[in-house]
Amino acid sequence: MAIAISAMLGSGIFVLPGLAVALTGRSAWLAYVVAAICVLPAALSKAELATAMPASGGSFVYLDRTFGPWAGTVAGLSLWASMWLKATFALLGFSAYLAVLTPVGAEGAKGAALIALLFVGALNVLGAKKVGRAQLVVVVVGIAGLAAAVGFALSGPTPTAAPSPLLSDGVGGLLAATGLVFVSFNGVTKVAAVAEEVENPERTLPRGILLSLALVTVLYATVTYAMALVLPADQLATDLRPVHSLVAAVAGPGAWALGAAVLGVVIMTSMANAGLLAASRFPFAMSRAQLLPPLFAHVSPRWQTPTVGIAATVAVMAVAIVAFDVAALAKLASGTVMLIFVAVMTATVILRESRTTWYAPGFRAPLYPWLQGVGITASLGLLWQLGATALVAVLATVIPGSILYFAYGRRRTERRGVLGKVARRRDLNPQQEASVMGPDQAEVVVALFGGERSPEMVAEVGIALAEGGQVLATHLREREPNAMVVEESRRLDSLSRRLLATGERYPAPLAVSAVESHDLVRTVHAMTHRLHNRWLVVEEDAGAGRIFPRLSRLGWSINHLGANLAVFRDRGVRYPKRILVVPRPGPHDALAVTAAVDLGTAWNAQVTLVAVVDAEASDGEAAARRAYLEQLRRLAPERTRAEVLRGDTVERVSEESIGHDLVVLGAPELSLRSLVRGSLEDRIADRVACSVVTVRTPRGLTHETVDRHEEAPPRAIDFVAREVVEARLPVETRDDLFHEMSERFAAAIEARGGASLDPRSIERAFEEREREQSTMVGDGVALPHASIDGVDFTLLGVFTVASPVLFEAGAAPVEVVFATIGPPSARFDHLRVLRAVAQLTQHPQALSAIVDAVDGDAIYAALELCSATVAGAADGSYDARP
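Attention in this report is confined to the structure presented alongside it. Note that the structure is a prediction, hence the values are computed from the model and not measured.

Things to note about the overall build of the protein chain
And then number 1: Per the secondary structure count, the protein chain includes 33 helices and 16 strands.
And then number 2: The proportion of buried residues among the 882 residues of the protein chain is 56%.
And then number 3: Contacts in the protein chain between residues at least 24 apart in sequence constitute 83% of all its contacts with a sequence separation of at least 6.

What to know about the pairing of strand 4 (residues 535–539)
And then number 1: The buried fraction of strand 4 is high, at five of five residues.
And then number 2: Every second residue of strand 4 is oriented toward a common face, with Trp535, Val537 and Glu539 on one face and Leu536 and Val538 on the other, all of them buried.
And then number 3: Both strand 1 (residues 444–448) and strand 4 contribute to a ladder of three bridges, which runs parallel. Residue pairing in the sheet places Val445 in a bridge with Leu536 of strand 4.
And then number 4: Bridging between strand 4 and strand 5 (residues 564–569) involves five bridges; their strand directions are parallel. Paired with Val538 across the strands is Val567, a residue of strand 5.

Here we look at empty space enclosed by the protein
And then number 1: With the rule as written, the count across this model stands at six cavities of 30 Å³ or more.
And then number 2: Considering only enclosed or pocket space, the second largest cavity measures out at about 90 Å³ in volume.
And then number 3: Lining the second largest cavity, in full, are Ser354, Arg355, Thr356, Thr357, Val418, Lys421, Val422, Glu478, Leu520, Val521 and Arg553.
And then number 4: Secondary structure elements with two or more residues in the lining of the second largest cavity: helix 19 (418–422) and helix 22 (520–530).
And then number 5: In terms of residue count, the dominant contributor to the lining of the second largest cavity is helix 19 (three residues).
And then number 6: For the lining of the second largest cavity, a count of residues per class yields four nonpolar, three polar and four charged.

A short note on the nonpolar core
And then number 1: The biggest cluster of nonpolar side chains holds 126 residues, and the ones touching the most others in it are Phe14, Leu16, Phe182 and Phe185.
And then number 2: Filtering out sequence-adjacent residues up to four positions away, Phe182 remains in contact with Ala35, Cys38, Val39, Ser334, Val337, Met338, Phe341, Ser379 and Leu382.
And then number 3: If you look at the next biggest cluster of nonpolar residues, it comprises 49 residues, including Val446, Ala566, Ala590 and Trp603.

A look at the packing of helix 14 (residues 255–288) against helix 15 (residues 307–323)
And then number 1: Between helix 14 and helix 15, the shortest axis-to-axis distance is 8 Å and the interhelical angle comes to 120 degrees. In terms of crossing hand, the pair formed by helix 14 and helix 15 is right-handed. Counting all contacts with helix 14, which are made through Leu276, Ala279, Ser280, Arg281 and Pro283, the residues of helix 15 involved are Gly309, Ile310, Thr313, Val314 and Met317.
And then number 2: Here the residues of the contact of helix 14 with helix 15 are counted per class, giving six nonpolar, three polar and one charged.

With respect to the pattern of salt bridges
And then number 1: Summed over the entire model, instances satisfying the criterion amount to 21 salt bridges.
And then number 2: A salt bridge links Arg498 to Glu456, with the shortest nitrogen-to-oxygen separation between them at 2.6 Å. Highlighted residues: Arg498 in helix 21 (residues 489–503) and Glu456 in helix 20 (residues 455–466), separated in sequence by 42 residues.
And then number 3: Residue classification places Arg498 among the partly exposed residues on the basis of a relative accessible area of 28%.
And then number 4: Where salt bridges share partners, they join Glu443, Glu467 and Arg534 into one cluster.

Quick word on helix 14
And then number 1: In this model helix 14 runs 50 Å from its N-terminal to its C-terminal C-alpha over 34 residues, within 8% of the 50 Å that 1.5 Å per residue would give.
And then number 2: Following helix 14 by one or two positions, Gln290 has its phi on the positive side, about 65 degrees.

A closer look at unusual backbone geometry
And then number 1: A cis amide bond links Tyr368 to the next residue, Pro369, at an omega of 0 degrees.
And then number 2: One can find Pro369 in the loop between helix 16 (326–353) and helix 17 (370–386).
And then number 3: The phi torsion at Tyr575 lies on the positive side, around 55 degrees, for a residue other than glycine.
And then number 4: For Tyr575, the position within the fold is in the loop between strand 5 and strand 6 (578–582).
And then number 5: For Arg728, which is not glycine, the phi dihedral falls at a positive 55 degrees.
And then number 6: Residue placement: Arg728 occurs in strand 11 (residues 720–729).
And then number 7: A relative accessible area of 41% means that Arg728 is categorised as partly exposed.

A few points about the pairing of strand 6
And then number 1: Within strand 6, four of the five residues are buried, which leaves the element mostly enclosed by the surrounding structure.
And then number 2: Where strand 6 meets strand 7 (residues 606–613), four bridges bridge the pair, whose relative direction is parallel. If you follow Val581 over to strand 7, its bridge partner there is Leu609.
And then number 3: Running through helix 23 (residues 589–603), the crossover from strand 6 to the neighbouring parallel element strand 7 is right-handed.

Points about the side chain of Ser379
And then number 1: Within the secondary structure, Ser379 is located in helix 17.
And then number 2: Owing to a relative accessible area of 1%, Ser379 belongs among the buried residues under this scheme.
And then number 3: Those residues within four positions of Ser379 in sequence are excluded, and the remaining contacts are Cys38, Phe182, Met338, Val342 and Met345.

What counts, and where the lines are drawn
- Residues numbered from 1 in each chain as written.
- Predicted model: local features only at pLDDT ≥ 70, side-chain atom pairs only at ≥ 80, totals over all residues.
- Heavy atoms only, no water.
- Helix = DSSP H or I, 4+ residues; strand = E, 2+ residues; numbered from the N terminus.
- Buried < 20%, exposed > 50% of the residue type's maximum accessible area, 1.4 Å probe, protein only.
- Contact = heavy atoms within 4.5 Å.
- Pairing = 2+ DSSP bridges.
- 1 Å grid on protein atoms, 1.4 Å probe; cavity = no way out; pocket = protein on both sides within 12 Å on 5 of 7 lines; lining within 4 Å.
- Points joined across faces, edges and corners; volume = space filled by probe spheres on them.
- Nonpolar A, V, L, I, M, F, W, Y, C, P; charged D, E, K, R; others polar.
- Core = buried A, V, L, I, M, F, W, Y, C linked by side-chain atoms within 4.5 Å.
- Axes fitted to C-alpha atoms, helices over the stretch in contact; angles between N-to-C directions.
- Left-handed = near helix turned anticlockwise from the far one by under 90°.
- Salt bridge = Lys/Arg side-chain N within 4 Å of Asp/Glu carboxyl O.
- Expected span 1.5 Å × (residues − 1).
- Right-handed = clockwise from strand over helix to strand, strands pointing away.

In structure tokens form, the structure reads like this:
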């Protein structure tokens, strides 16, 4: 409480009340209360971050580790600016109170502030902490003096001056005043910087923050109320030393008033000293983080202080004293503080939603995420209310910070923040190697992140999917950057013993390893490529977020792994004997069936494929769904049976799950809506009465489910329709490409005796499939697919484009498109087409011949030649992986 109060008490009450009254009249006291309410979410969020990352550096460290070094650079400059702006503001308040003791004019006031700046700058060079120890005494005396003045004002006679209006400028004026005084509460979170020195921080920090915020708010509100009650509104609106004026009004212009002026001078000097002390450390910290040149990390050998950082801070403060008045400085400081608080609250949300394993705060802010949502909204609203001043505050830190990072820091740091690890990444190279202890190859990798309900059952799922191949169970632990790695040997030894004992019950060889990583996403991605495994098995994330409950800790990379992904949701069922598969047309349906068959084979379980149609659906629609299931059963006809149900999908599957031990689903599409609201698959997984396995296949590997169940490889040319082979389509976007393909497919289907289709319906089908998962598979190739009711056969079209087309932001553009169209019931035929295309693209000259073709006839000729060569290869040199 002492640290927080001493950091807050100062110019916020010794200078700002008069300016607040000028904006909103007698309700200025309410502006302080509203500002305190807006600060509370940020204060509690910062307390949470401090207990998770108890390191010196405060908000700079939190934002750097959450958003990465770019945001860290901007945040560092913002924090630096907020500190020196507040210190500069205090120096102008110092000159106002000094004017009571010595005659100085307007220009003389700024000169006095510059002299005081040089004085506190010298103190900081010589070692300001010695002087700072007296600050607590000054604060206690200040509080006592203010309390006495308020007591006299409230208990004295009714003032003769007419009081100022309660809301002189309406609600807008109140909000403007709230934005102005926001900076008064900046110090409430300073206590977070010493979190590692606090006993029981999970209890002490929030209590200290709440009590100090409440006490200072009461003090600010009552003092400001007393000022507005005693002093005339026109006088108070232009008064930069309102505490002196209050004491003079209630005790006379004698010794007590002079004492108030002396107290103002001392407190403003102390605030300026503390602000400069804190501000000068940010260039020092940023330099050590390689975001500023090494010069700023220089420490005086004699005084042991960062002299370059102090000098740079003094220089910008001097410019600000000359260039700005008190009101402008207060608005700039408040705007910068609001920006930082918004970033702190956003960081709290990101760290909670990302499931970062090292994020384990001792204290968690209550009412998540509503508290952060209200705080972010309120702060942004106040920023908007500040108008152009807020824009200047934002641009003055974001633009220089960005320039500084890209010109200097980017080349010198490779670390990523939490957001950068789970968002879209360009640094994940499939050929990179991970530091993995274990075999060089593994059919299945079981990734254990900690917190699994039953690691043994997750391992059993992996063993069952391995079909006798090598299984590697790896305990993965992501450590906080720069934290000490502590070997959790006992827990890991126990886990290894239990996993090895589980493996002894199966013929598949099981190895166990442990990996420490500062970038868990990169490690997992590298493992799936380096080990050439077919499956990655994980348990569903235990610490599900409140905003994005379906977001995986693997983030964007979940669709770019080198292996199929199986996510296990454990509901306590052991040794399943009845497995229910709920496939839906899409990229993962065949994988769901083959995974269920592998699990059923290992556990000797019965496998049932089920589809659900509406209760009022026609017999024809039900027959089409059964035909679709029968197509999937061709992957393993001897071990599966199919059933079509009527009613609501979630309800019927939930009812069926009562008689089953495991439900297998294809993964849902990844979209913002599905992450927030959940998909059909998510609702099924939430409602069923047994364990669930959700499977996802990487882009371009859907065909591998056919590779294992069909000996004679199909030829791509057998599926190609000459009418849908065309070279160098004049398109610029993916939508244009889909439109041109749909026109040609519609004409080809009708020419072959099929139904007359609206090309727009085909185009929509292509777009819907693309939303489920991008069909771009690399090497400039895409494999879009459209499932259309009313089509009786499967067609493959081959197209090239005049200029490469972007299918996915941040990815390489596409030059060759193998597009398939067919009925939903012909799923097995579609998988055979994908297998044929995958083998075709392995021909050394196939893609180059297709790209170089000048017309459709040349493409068709190249397809005939390469298909014949691939089909005639007897040495198995053409891998099915594109």
